[in-house]
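Report on the structure
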Amino acid sequence: MKTLLILLTALSSLFTTLEQSILQSAFTVTLATENEQPMTYSGQLTMHGEKFLLTILGMEAAYDGETMYMYQAETEELTLSHPAQDELYQTNPFLFAKALAQSAQVSEKAAADGKTVLITLTPDDPAREVQRLNLRVRTRDNMPLYLEMKERNRVTTLKLTTPEFISSEPAYTISKPDAYTNDLR
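A short tour of the structure in this document, coming up.

What counts as what
- Residues numbered from 1 in each chain as written.
- Predicted model: local features only at pLDDT ≥ 70, side-chain atom pairs only at ≥ 80, totals over all residues.
- Heavy atoms only, no water.
- Helix = DSSP H or I, 4+ residues; strand = E, 2+ residues; numbered from the N terminus.
- Rg over C-alpha atoms; globule rule 2.2 N^0.38 Å.
- Buried < 20%, exposed > 50% of the residue type's maximum accessible area, 1.4 Å probe, protein only.
- Contact = heavy atoms within 4.5 Å.
- Lys, Arg positive; Asp, Glu negative; His and termini not counted.
- Charge placed at Lys NZ, Arg CZ, Asp CG, Glu CD.
- Salt bridge = Lys/Arg side-chain N within 4 Å of Asp/Glu carboxyl O.
- Core = buried A, V, L, I, M, F, W, Y, C linked by side-chain atoms within 4.5 Å.
- Polar contact = N/O pair within 3.5 Å; in protein donor to acceptor, adjacent residues only side chain to side chain.
- Phe/Tyr/Trp six-rings, centres within 6.5 Å; stacked < 30°, edge-to-face > 60°.

Let's talk about the overall build of the chain
If you tally the helices and strands in the chain, you get three helices and 13 strands. The C-alpha radius of gyration computed for the chain amounts to 17 Å, which stays within 12% of the reference 16 Å derived for 185 residues, consistent with globular compactness. If one aligns the C-alpha atoms of the chain with their principal axes, the spans along those axes are about 55 × 45 × 30 Å. Within the chain, the proportion of its 185 residues that are buried is 38%. Once local pairs closer than 6 in sequence are excluded, the contacts in the chain between residues at least 24 apart make up 48%. Considering the chain, the positive charge centre built from 16 side chains and the negative charge centre built from 24 side chains are found 11 Å apart.

Quick notes on the pattern of salt bridges
One pass over the structure, following the stated rule, counts seven salt bridges. In this structure, the salt-bridge partner of K176 is E60, at a minimum N-O distance of 3.2 Å. Within this pair, whereas K176 is found in the loop between β12 (164–166) and β13 (180–183), its partner E60 is found in strand β4 (residues 59–63), the two being separated by 116 residues in sequence. For K176, a relative accessible area of 26% gives the class partly exposed. Judged by its relative accessible area of 25%, E60 is partly exposed. In this structure, E129 and R152 form a salt bridge, with 3.1 Å as the shortest nitrogen-oxygen distance. Residue E129 is found in the loop between β8 (116–123) and β9 (130–138), and its partner R152 is found in the loop between β10 (143–151) and β11 (154–160); the two are separated by 23 residues along the sequence.

Focus on the nonpolar core
F52, F94, L121, L133 and L135 are the most contacted members of the largest nonpolar core, which totals 36 residues. Among all residues touching L121, those that are not within four sequence positions of it are L11, A97, L100, A101, A104, Q105, V106, R132 and L133.

Examining the side chain of T120
Position of T120 among the secondary structure elements: in strand β8. Polar side-chain contacts of T120 include one of 2.7 Å to the side chain of N134. With residues near it in sequence (within four places) discarded, T120 still touches Q105, V106, S107, R132, L133 and N134.

Focus: the packing of aromatic side chains
For the structure shown, the criterion picks out two aromatic pairs. Both rings, one in Y89 and one in F96, keep their centres 6.3 Å apart while their planes meet at 70°; by these two values the pair is edge-to-face.

With respect to the environment of K159
Residue position: K159 is located in strand β11. Accessibility expressed as a relative area gives 47% for K159, which makes it partly exposed. Those residues in contact with K159, other than ones at most four positions away along the chain, are A26, F27, T28, L145 and Y146.

Here it is in structure tokens:
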């Protein structure tokens, strides 16, 4: 029973920290498939609970708790929508991890140096596309350091390269006055 309490404490502490603190970091995301060379992309992430700002591959995304903003620099188009939960999970993997935790087996393994914990979520439903999700968390401040999602034929790894908790909260919106606005709300 004590082990179960520790597991739930580590995972729930991570999600509580992400709800209460503003996380900001540069990141890399690597997509690897069985038969292709891995591809790595760099970006920037700021998040607080469900709200987030994300920049990657000439695209900006933001979610203010109600409206999703997607700006594509190449086409100078800003799309506004009320996203479904699945869209939020596809855009923000920490929200996906939180949802997955509700229907997954959770295990935890402390690193030998005692500075990080590996939390593994294995979905209860073996038919799910996602087979496993790993989170590496720094124990002293519940800082997420990486997230790795194993699907049937692909592994996606998100590494936070400069993670920090900040005190000044940004506006989780995107304003591009000269862009074509596609309002789907």
